[in-house]
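The primary structure of each chain is shown beneath.
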Amino acid sequence: MPAKGMRKRVSNLKAVSDGDGPRDLVLKPAKGAGRVVKWNASQMVPKGRAAKVGGVPVVRKEIENGPGDDPYLPEPPTSAIQVIAWAPKDYRLAAGCWDGSITIWEVKVEKGDRLIHRSPDQPGPMFTSDNFQCPGAVLDLAWHPDGMSLYAACTDGTVYGIFFDVGDVHPIGKHTASVKTVTWCSLANCLMSGSWDRTLHFWRRTDAMVGGHRGMAHTLIHKIKTPERVYGADVCGDMAVVIVAGNGSNVLLYRVTAAEVTLIRAQPQPLLFQARCVAAFGPSPNGGKRSEQSAGYVVGGIEGRCAVGYFDPALSAGENFAFKCHRDSEHAFAVNSISFHPQHNTFATSGSDGTFVFWDKDTKSRVKAFSRIPARSSITCGRFSADGAMFAYAQSYDWAKGSNPELEESASDCVRIHWTFLGDAGSDECLKKR
């Protein structure tokens, strides 16, 4: 029997079965820790929309797994979560924290079950917070396109590499100040790291003998000076967008190739206050009035505002725009992260107000807004999976009010999964307007 207030949805119930009975959602913690929590799909009240996760049809459900209906990942980190990152080829999710720990979970779809668990009980080498600890806080994470390497930017000024195929972990390079960003440049086949020492470093990876055994060596191939500290960076194709501190020309656009890194232009940021995050996007999947050159970027700031810009100067003149978000009647909250859906090219913003919102830049509209998380927390980072089937978000204290023991204690650090659907990340109405 559904809970009171949910009975009107019973008529929309669509049981999904593989012939052997209804599918179950299983949250399985690491081996020997905790219990296995299991829900049966026939006992849930779906919201009436079906989707596929890993090729398996599932129905969105109302799940009472703590506050709200988005399930938690088991055994969360014990420190504030700064960044999360999905692997490019599967459902592994990494989280980096302020205590220097890196935790990795794996979502598996097997025989109709959706399994969410930490990875130590799976075959093959995998690293978690129990066996990998950075000397400083982890500010950013980036996966290699092959999914077998993970890079971490740390406040001790070091970029660390975790190489699952060879079971190797070692520092790959140094900055003279905290490293704020790491991003893999696929076309140039190199890693870009940005630091508060006002530099961008580009690292070329090769197989080599490292520490007496075979591993991955990294060579510094380019070093670029920036006018101020690097606060955020992202890459789309051969274009990189970098945001730096200050009030001058603090949006830097680079063309990155294997041979060289060229500054295309530096321009003032379109926001009134400090920029906090940036994400790059490719051309609109539906074409229309936006040509193949319609790739660009979205910048989020501390004043609860985002701005959309384009790499092509011709589009930049008339298509750039800004909009307000993550605000209430009295306060404006910081935009902590921006993530683009890989299919619809819509994007999600996550904020200090404890909400995440899906937007469509082409129709200049809000696709869907979600309710605030119940705990006194911010959403420090949100990311779509590689196929767009899931949106993971980290619930934590984002240090917006400095060191505050009361807020830190009540933040309830955790990572949660929202199963995305067409109506969530790219509604039919919005797609038709393009």
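Below you will find a few notes about this structure. (Residues numbered from 1 in each chain as written. Predicted model: local features only at pLDDT ≥ 70, side-chain atom pairs only at ≥ 80, totals over all residues. Heavy atoms only, no water.)

A count of helices and strands for the protein gives four helices and 31 strands. Within the protein, the fraction of its 434 residues that count as buried is 58%. A fraction of 51% describes how many contacts in the protein between residues 6 or more apart in sequence connect residues 24 or more apart. Total accessible area computed for the protein in this model is approximately 18,400 Å², and 50% of it derives from carbon and sulfur atoms. (Helix = DSSP H or I, 4+ residues; strand = E, 2+ residues; numbered from the N terminus. Buried < 20%, exposed > 50% of the residue type's maximum accessible area, 1.4 Å probe, protein only. Contact = heavy atoms within 4.5 Å. Areas by Shrake-Rupley, 256 points an atom, 1.4 Å probe, with all protein chains shown as cover.)

Consecutive side chains of a regular strand alternate in pointing toward one face of the sheet and then the other. Counting buried positions along strand β13 (residues 179–185) yields seven of seven residues, so the element is predominantly enclosed. Relative to strand β14 (residues 190–195), β13 runs antiparallel, the two sharing six bridges. Residue pairing for β14: C185 is matched across the bridge by C190. (Pairing = 2+ DSSP bridges.)

Before going further, it helps to spend a moment on the pattern of salt bridges. Per the counting criterion, the structure on display carries seven salt bridges. One salt bridge connects R205 with D146, and the closest N-O pair in it is separated by 3.4 Å. Of the two residues, R205 sits in strand β15 (residues 199–210) while D146 sits in the loop between β9 (138–143) and β10 (149–154), which places them 59 residues apart along the sequence. The class for R205 is buried, based on a relative accessible area of 16%. Here the salt bridges do not stand alone but share partners, grouping R198, E228 and R229 into one network. (Salt bridge = Lys/Arg side-chain N within 4 Å of Asp/Glu carboxyl O.)

Paired through their backbone hydrogen bonds, the strands of a sheet run either parallel or antiparallel. If you walk across this open sheet you meet the four strands as β9-β10-β11-β12, and the pairing is antiparallel. On the outer flanks of this sheet lie β9 and β12 (168–174), each paired with one strand and no other. The sheet shows a mean angle of 25° between the axes of neighbouring strands, taken without regard to direction. Two elements, β10 and strand β11 (residues 158–163), share five bridges in a ladder whose sense is antiparallel. (Axes fitted to C-alpha atoms, helices over the stretch in contact; angles between N-to-C directions.)

This part covers the sheet that holds strand β23 (residues 305–310). Sheet architecture is open: four strands sit in the order β21-β22-β23-β24, paired in antiparallel fashion. Looking at strand neighbours, the two that pair on one side only are β21 (275–281) and β24 (321–324), the edges of this open sheet. On average, each strand axis in the sheet is tilted by 20° relative to the strand beside it, whichever way the strands run.

Judged by how many residues are buried, β21 sits mostly within the fold: six of seven residues are covered. Where β21 meets strand β22 (residues 296–301), six bridges bridge the pair, whose relative direction is antiparallel. Its bridge partner being in β22, C277 is matched across the sheet by G300.

We now examine a nonpolar patch on the surface. A surface patch of nonpolar side chains, amounting to about 310 Å² of accessible area, comprises L272, F273 and I302. With respect to the secondary-structure elements, I302 resides in the loop between β22 and β23. By relative accessible area, which is 34% here, I302 ends up partly exposed. (Patch = residues over 30% accessible without salt bridge, like charges linked within 9 Å, V, L, I, M, F, W, Y side chains within 5 Å.)

Applying the stated criterion to the full structure yields 20 aromatic pairs. Ring centres of F358 and F370 lie 5.0 Å apart, and the angle between their planes is 70°; this geometry places the pair in the edge-to-face category. Placement of F358 in strand β27 (residues 356–360) and of F370 in the loop between β28 (365–369) and β29 (378–384) is noted, with a sequence separation of 12 residues between them. You can call F370 buried: its relative accessible area is 13%. The structure contains a cluster of three or more aromatic residues connected by ring pairs, namely F281, Y310, F321, F323, F340, F347 and W359. Of note, K361 hangs over the ring of F281, and the distance from its end group to the ring centre comes to 4.3 Å. (Phe/Tyr/Trp six-rings, centres within 6.5 Å; stacked < 30°, edge-to-face > 60°. Lys NZ or Arg CZ within 6 Å of the ring centre and 35° of its normal.)

Put simply, the second largest pocket is a space of about 380 Å³. Lining the second largest pocket are 14 residues, with F333, S352, R372, S378 and K401 sitting closest to its centre. Class assignment for the residues of the lining of the second largest pocket results in six nonpolar, four polar and four charged. (1 Å grid on protein atoms, 1.4 Å probe; cavity = no way out; pocket = protein on both sides within 12 Å on 5 of 7 lines; lining within 4 Å. Points joined across faces, edges and corners; volume = space filled by probe spheres on them. Nonpolar A, V, L, I, M, F, W, Y, C, P; charged D, E, K, R; others polar.)

We now examine the side chain of S195. Examined against the element boundaries, S195 turns out to sit in strand β14. Since its relative accessible area comes to 0%, S195 is described here as buried. Setting aside anything within four residues of it in sequence, one finds S195 in contact with H175, A177, S178, V179, K180, R229 and V230.

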